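Next come the chains, spelled out residue by residue.
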Amino acid sequence: MPKIADKYLQVDPWKVVEVGFDPGRNRVSESIFSLGNEYMGVRGYPEEGYSGDTLLGSYFNGLFEESPVTAHYKGIIKSLRFMVNAVDWLHTRITLDGETLDLAESRFSGFRRELDFRTGIYTREFVWHTASGKDVQLTFERLVSMKVSHLGAQQITLTPLNFSGSIQVRTGLNLKVIHEDQQRCYWKELKQDEAKASDGTPIAAILGETVNTGNRLFSGFHVVAPDAVTDELVQEDSYIGRVLTLTLEQGKRSTLDKLVVNVADKDRSTQNDDLWLRGIELTAQHIQAGFDAAAANQRAYWDQVWAESDIAIEGDPENQQGIRFCIFQLYQTYHGDNPGFNIGAKGLTGEAYRGLAFWDTESYCLPFYIFNNPKAARSLLEFRYRTLPEALKRAKELDCEGAFYPIATIDGTESCDLWQHSNLQLHVGTAVAYGLRHYVKMTGNKSFLYVKGAEMLIQISRFYASRGQWGQQSGKYGYFGVMGPDEFQLMVNNNCYINLMAKKLFEYTLEVLEAMRNEASAAYDKLAARLGLTEEEQQDWQNKAQHMKIPRDERTGIFEEHDGFFDLPHLDIHSIPVTEFPLYSHWSYDRLYRYDMIKQPDVLMFMFLYSSEYSLEEKRANYDYYEPRCIHESSLSPSIHSILAAEIGRSDEAYKFFEFATRLDLDNYNRNTREGLHTTSIAAAWMNIVYGFGGMRSDGELLALNPSIPERWECYRFMVTYRGTKLQVEVDQNQVSIRAKSGGVAEVQVYGNLVSIDEAGIQLPLRKAVVQ
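Residues numbered from 1 in each chain as written. Predicted model: local features only at pLDDT ≥ 70, side-chain atom pairs only at ≥ 80, totals over all residues. Heavy atoms only, no water.

- An unreviewed UniProt entry lists the chain under the name Maltose phosphorylase, from Paenibacillus barengoltzii J12.
- Here is the UniProt Sequence similarities (unreviewed entry) comment for the chain, exactly as written: "Belongs to the glycosyl hydrolase 65 family." (UniProt positions renumbered as here; feature names shortened; annotations may be inferred.)

Here it is in structure tokens:
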């Protein structure tokens, strides 16, 4: 199925720029121009109000609501939790001569908006032509602070072009927001008032609570408008704000700055009064510097990000913009300041996927953070440790022992209401274990492993030891009645990915426990006693690993995705009319499961994760078998195919899969950017460059690099942090240069040879991949 770009944005290496306003694309732009800082996020909606098609979205990581689910059988979830739309802290209304600005109704010209990756500021500007004949140049700027999680800032600049006179601006905090997916407001007001900072600065604030879960949110703000002649407090149901009258002088700029502090709280033991006082104190603390100071801090933050994480591409301006957009959004979504948070599939940019985190976090997102921000990588693993109690409960619901991590979650509980996914997709636990292994090997940091990670591994292993069974005829251990990463194969036996990853889980758990006995015996003895871990249990894991069934055709070297897959009816996926995509919307649900058509990589996924254990011949054989059967209904799919295609020498094919990776959302390839950004596939775009063309592999004992370069690129550069050393890799059409920018010397493999990289670096001739 061809994916076609919907190009309407300007190409710029450091910005996303939209010139001219297209109402039909407004929701797409609202997603693309989203801002976030891990703690909170806000879509690029018009703060002044818009009666056209819009999704007014303001979200807080981990702030959730729930709705009941009718469950007829044991093990099916009874409630559904989701990220809830929250306070509209940008709420603004502008009125001139009795006309209120609304881009769906008002006359305007010169519309332009941009998101600058170097400043983190979203700017929107146009000239408003009122019915009374007055023209006003309006510029809206906003930021969500990357240095102060609670802080958001807004600046509105008004310049009258053909008149002098007054204009009214109403700005405030609105809790009467509709959660679009459920078509209702989930907030009730607890308190609103105007308070005073110690220096007398007025702070208008509101405190709300979600109606079902009792999650609370404080929001307070202060406005600075030098040209205001009147300033009145407005209090309504679930709304507090100020109405200001500004005196404008023709040709002169007039500004209104709004500083907002938001504080989310899920701890029911916190008293409302205590949360209110904390919110007022934080607001008073952070509003003093004003918008300009917040903007300066923002730029300093992004300067540091680009110094450490930039990917530069020469000769491909579209993908240069695309990969910087991806890196920008990954830092906005997560940077490790809040260990209780995870990464939703849409980040904080929309309500699709309900703000839930999937196995994508450890499989696709974690590598970016391991090599760019190890603190954030550890923070993601902390989320899994903190939610271990919920995973233990979930295993019991499914008649198993140990910990069963949910396929979709916001707080550790399962929030997927499709039993075939929530009960049969077992691979989240192995993804968590793989993520832990990956983090430790690439950072060299064992402290988390021995203190918390080992406990997670034990409990995950207990689940896989209790969920599997022994085959009657094969005498092999495996998993029956499951669904692997390929979600077009339902209730299958011995999914190869699940079986192999479980085998690796058992082996890694035993390896860690043996290392603890040797290196941290006291910690091991304490953990074993607390969890009741015995030698007999560990021998059982060893036995099951040794006898795990791994379906494979020994003659061809092709792994069978699951028992009986090779015998399924074949379907030529290229014969499916384009009009029938996406298949979920056009095919009956059961029809998806009748063929050897796959949704996304399954066998190829584990061959990527454990790349060093498979030969190029094995990878070619399995790629050639499975790629023609993959329909790529998941946005995560093309990147893995591109990475493997680059490795086996299919450079044109690799680039074909890569073409839309970095611009999936910018060019709306899947026609669903309006729902929010594909955050986890944005991480896959980073992998596509670094693991694909950069040839990086990180599953072995040492980091390995086997760089290549697309023919149309002149040069590219990327950086990775490996065991404390910052490495810069530069590749052009003739040579590869690698040097340590900081952190001393690193031992890595380059084109299969062990080399030491220091500040002087090395230069090697570029090797061309051999096509077979």
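Next comes the rest of the description.
1. Overview of helix α12 (residues 521–531)
- Among the residues of α12, Tyr524, Leu527, Ala528 and Leu531 are the ones counted as buried. The buried residues of α12 occupy one face: seen down the axis, they fall within an arc of 100°. More than 90 degrees from the buried face of α12, the exposed residues found are Ala522, Lys526, Ala529 and Arg530.
- Among the structural elements, α10 (447–467), α11 (496–519) and α13 (535–546) are those in contact with the buried residues of α12. (Buried < 20%, exposed > 50% of the residue type's maximum accessible area, 1.4 Å probe, protein only. Helix = DSSP H or I, 4+ residues; strand = E, 2+ residues; numbered from the N terminus. Arc of directions from axis to C-beta. Contact = heavy atoms within 4.5 Å.)

2. A short note on the packing of helix α5 (residues 360–372) against helix α19 (residues 679–693)
- Their axes nearest at 9 Å, the elements α5 and α19 cross at an angle of 55°. Overall, the two elements α5 and α19 adopt an arrangement that is oblique. In this structure, α5 crosses over α19, and the sense of that crossing is left-handed. Residues Asp360, Ser363, Tyr364, Cys365, Pro367, Phe368, Phe371 and Asn372 of α5 form the contact with α19, whose own contacting residues are Thr680, Ala683, Ala684, Trp686, Met687 and Tyr691. (Axes fitted to C-alpha atoms, helices over the stretch in contact; angles between N-to-C directions. Parallel < 35°, antiparallel > 145°, perpendicular 65-115°, else oblique. Left-handed = near helix turned anticlockwise from the far one by under 90°.)

3. Thoughts on the UniProt feature "domain: Glycoside hydrolase family 65 N-terminal" (unreviewed entry) in the chain
- In the UniProt entry, the feature "domain: Glycoside hydrolase family 65 N-terminal" (unreviewed entry) is given for residues 18–262.
- A helix fraction of 3% and a strand fraction of 54% characterise residues 18–262, whose end C-alpha atoms lie 29 Å from each other.

4. Considerations on the sheet that holds strand β15 (residues 187–196)
- Spatially, the 10 strands line up as an open sheet ordered β1-β2-β10-β11-β12-β13-β20-β17-β16-β15, and their pairing is antiparallel. This sheet does not close on itself; its edge strands, each paired only once, are β1 (10–11) and β15.
- Pairing geometry for strand β2 (residues 15–19) and strand β10 (residues 107–116), over five bridges, is antiparallel. Opposite Glu18, over in β10, you have Arg113 as the bridge partner.
- Contacts from helix α2 (residues 272–286) reach β13 (151–160), β15, β16 (202–210), β17 (216–224) and β20 (254–265), with the element oriented near 140° to β16.
- Sheet strands touched by helix α3 (residues 291–309): β11 (121–129), β12 (135–144), β13 and β20. Its angle to β12, the strand with the most contacts, is close to 55°. (Pairing = 2+ DSSP bridges.)

5. As for the environment of Gly484
- Positionally, Gly484 belongs in the loop between β23 (477–478) and α11.
- For Gly484, a relative accessible area of 1% gives the class buried.
- With 154 residues separating them along the chain, Gly484 and Pro638 place their C-alpha atoms 18 Å apart.
- For Gly484, the residues in contact, after removing those within four places along its chain, are Gln425, His427, Asn495, Ile498 and Asp602.

6. Some thoughts on the nonpolar core
- Of all hydrophobic cores here, the largest spans 241 residues; its most connected members are Ile32, Tyr369, Tyr479, Phe606 and Trp686.
- Considering each element in turn, this core owes the most residues, 14 residues, to α11.
- With residues up to four places along the chain from it excluded, the contact list for Trp686 reads Ile311, Ile323, Ile327, Pro367, Phe368, Phe371, Asn372, Tyr691, Met696 and Val720.
- Residues Leu571, Ile573, Trp587 and Ile631 belong to the second largest nonpolar core, which totals 11 residues. (Core = buried A, V, L, I, M, F, W, Y, C linked by side-chain atoms within 4.5 Å.)

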